[in-house]
Amino acid sequence: MLPTLDPRTLRNAFGCYTTGVVVVTTTGADGQKTGVTVNSFTSVSLDPPLVLFCLLNSANAYRTWEQATHFTMNILASGQQQVSNAFARPSSNPWEAIGHTTGDNGCPLIDGAAASLECERFQHFPGGDHLILVGRVTAVRIATGPMEPLAFHRGKYGTYWGVDFGAPPPDSSLSDMVMAGFG
Ligand SMILES: Cc1cc2nc3c(=O)[nH]c(=O)nc-3n(C[C@H](O)[C@H](O)[C@H](O)COP(=O)(O)O)c2cc1C
């Protein structure tokens, strides 16, 4: 039998993996906008173009996400921690304070995001206490000019200053992604 892992220790270990911060947005059939802050964003596949995020099963808006036919991954830029916070806690209407427009898929695009990936629902999988939502990317918008990311590490926001430790080996899949424009 496997030993029981202490949840706090597990969370601390997960927190050592530095991520970006993404606000995933959707618009329901009734026109209601919903957003949730996640750091579980992952690029999955180039062909077809797939991304995923993981949603806590007990999220208040779980039903909305389970039924969402489209969603948009807004990758936040440095300085957007207030945007992250606005979609990480219950709020009557975060959209009043957060500048946004509407993308081709009908979902909100967050002003000032480093990049936004418009998606249509591709697949859902149960993942323990989370639901894994996979989206097929239908459009990409990337901010022009220099853009530091909003980073998340050990429970705190930060950024990445582009300190150059060299590129990975040229034949690695990461380099393939860079050449394909995903880097
Ligand atoms: C930096 C950061 C990353 C988060 N990542 C996730 C995540 O990947 N999945 C998730 O379900 N909740 C994540 N959360 C928590 C949700 O944002 C928060 O619980 C949610 O907005 C509450 O939704 P509810 O009011 O619908 O329950 C994260 C919060 C923060 C601040």
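Preceding this paragraph is the structure being described.
Residues numbered from 1 in each chain as written. Predicted model: local features only at pLDDT ≥ 70, side-chain atom pairs only at ≥ 80, totals over all residues. Heavy atoms only, no water.

### What to know about the sheet that holds strand β6 (residues 70–75)
As a reminder, the rule being used: When DSSP finds at least two bridges between two strands, those strands are taken to pair. Where helices and strands are cited, they refer to DSSP runs of H or I of at least four residues and of E of at least two residues respectively, numbered from the N terminus. Axes, fitted as lines to C-alpha atoms, cover a helix only where it is in contact. Angles between the N-to-C directions of the axes lie from 0 to 180 degrees.
Taken in spatial order, the 7 strands line up as β3-β2-β6-β9-β10-β5-β4 in an open sheet, and their pairing is antiparallel. Looking at strand neighbours, the two that pair on one side only are β3 (33–38) and β4 (42–45), the edges of this open sheet. The sheet shows a mean angle of 35° between the axes of neighbouring strands, direction not considered. Where strand β2 (residues 22–27) and β3 come together, 6 bridges link them in antiparallel fashion. Note that in β3 the partner of threonine 27 across the bridge is lysine 33.

### As for the site of the ligand
As a reminder, the rule being used: Whether a residue is near a molecule or strand depends on its heavy atoms: if one lies within 4 Å, it is near. Counting of polar contacts relies on pairs of N or O atoms within 3.5 Å, with two restrictions inside protein: one atom must be capable of donating a hydrogen and the other of accepting it, and residues adjacent in sequence are counted only when both atoms are side-chain atoms. Method for areas: the Shrake-Rupley scheme with a 1.4 Å probe, in which residue coverage is limited to the protein chains shown. Amino acid classes used here: Ala, Val, Leu, Ile, Met, Phe, Trp, Tyr, Cys and Pro are nonpolar; Asp, Glu, Lys and Arg are charged; the rest, including Gly, are polar.
The full set close to the ligand counts 15 residues, and Thr37, Ser40, Cys54, Leu56 and Asn60 are the nearest of them. One of the backbone N or O atoms of asparagine 39 is found 3.0 Å from a nitrogen atom in the ligand. With respect to the ligand, the side chain of serine 40 contributes an N or O atom lying 2.6 Å from an oxygen atom. Burial of the ligand by the protein chains amounts to 77% of its free accessible area of 650 Å². Mapped by element, the contributors of at least two residues to the shell around the ligand are β3 and β5 (50–56). Tallied by class, the residues present in the shell around the ligand amount to 11 nonpolar, 4 polar and no charged.

### With respect to unusual backbone geometry
Cis geometry is found at the peptide bond from aspartate 47 to proline 48, where omega equals 5°. Along the chain, proline 48 falls in the loop between β4 and β5. One non-glycine residue, arginine 154, lies in the positive phi region at around 50°. One can find arginine 154 in the loop between β11 (151–153) and β12 (156–158).

### Quick look at the state of the cysteines
We count it as follows: By disulfide we mean two sulfur atoms from cysteines, separated by a distance within 2.5 Å.
A full pass over the atoms with the stated rule returns 0 disulfides. Here cysteine 107 stays unpaired: no disulfide links it, and the sulfur of cysteine 119, its closest cysteine neighbor, is 8.7 Å away.

### So, the layout of surface pockets
Definition in use: Buriedness of a pocket was judged along seven lines, with at least five required to meet protein on both sides within 12 Å; pockets are open sets of points on a 1 Å grid over the protein atoms alone, cavities are sets where a 1.4 Å probe fits but cannot get out, and lining residues have an atom within 4 Å of a point. Grid points are joined across faces, edges and corners, and a volume is the space filled by probe spheres set on the points.
In this structure, the second largest pocket occupies an estimated 160 Å³ of space. Lining the second largest pocket we find 13 residues, and of these Thr27, Gly28, Ala29, Gln67 and Ala68 sit closest to its centre. Of all the secondary-structure elements, those providing two or more residues to the lining of the second largest pocket are β2 and α2 (62–67). The element that contributes the greatest number of residues to the lining of the second largest pocket is α2, accounting for 3 residues. Broken down by class, the residue content of the lining of the second largest pocket amounts to 3 nonpolar, 9 polar and 1 charged.

### Observations regarding the packing of aromatic side chains
The relative placement of two aromatic rings is captured by the distance of their centres and the angle of their planes. Here is the rule we go by: Put simply, two rings from Phe, Tyr or Trp (the six-membered ring, in Trp's case) pair if the centres are within 6.5 Å, and we call them stacked under 30 degrees between planes, edge-to-face over 60, tilted for the rest. Exposed residues in this analysis have more than 50% of their type's maximum accessible area, buried residues have under 20%, and partly exposed residues fall in between, with area computed by a 1.4 Å probe over protein chains only.
One pass over the structure, following the stated rule, counts 4 aromatic pairs. An angle of 55° between the planes, with centres 4.8 Å apart, marks the rings of phenylalanine 87 and tryptophan 95 as tilted. For tryptophan 95, a relative accessible area of 8% corresponds to the buried category. Site record: aromatic cluster; members linked through ring pairs are Phe53, Trp65 and Phe71.

### Observations concerning the side chain of asparagine 105
Note the following rule: By definition in these notes, contact holds between two residues if any of their heavy atoms fall within 4.5 Å.
Here asparagine 105 shows up in the loop between β7 (100–102) and β8 (108–110). Relative accessible area serves as the criterion here: at 14%, asparagine 105 is assigned to the buried category. Polar side-chain contacts of asparagine 105 include one of 3.0 Å to the side chain of threonine 72. Apart from the residues within four sequence positions on either side, asparagine 105 is in contact with His70, Phe71, Thr72, Glu118 and Cys119.

Fair warning: the whole summary comes from geometry, so function is off the table for now.
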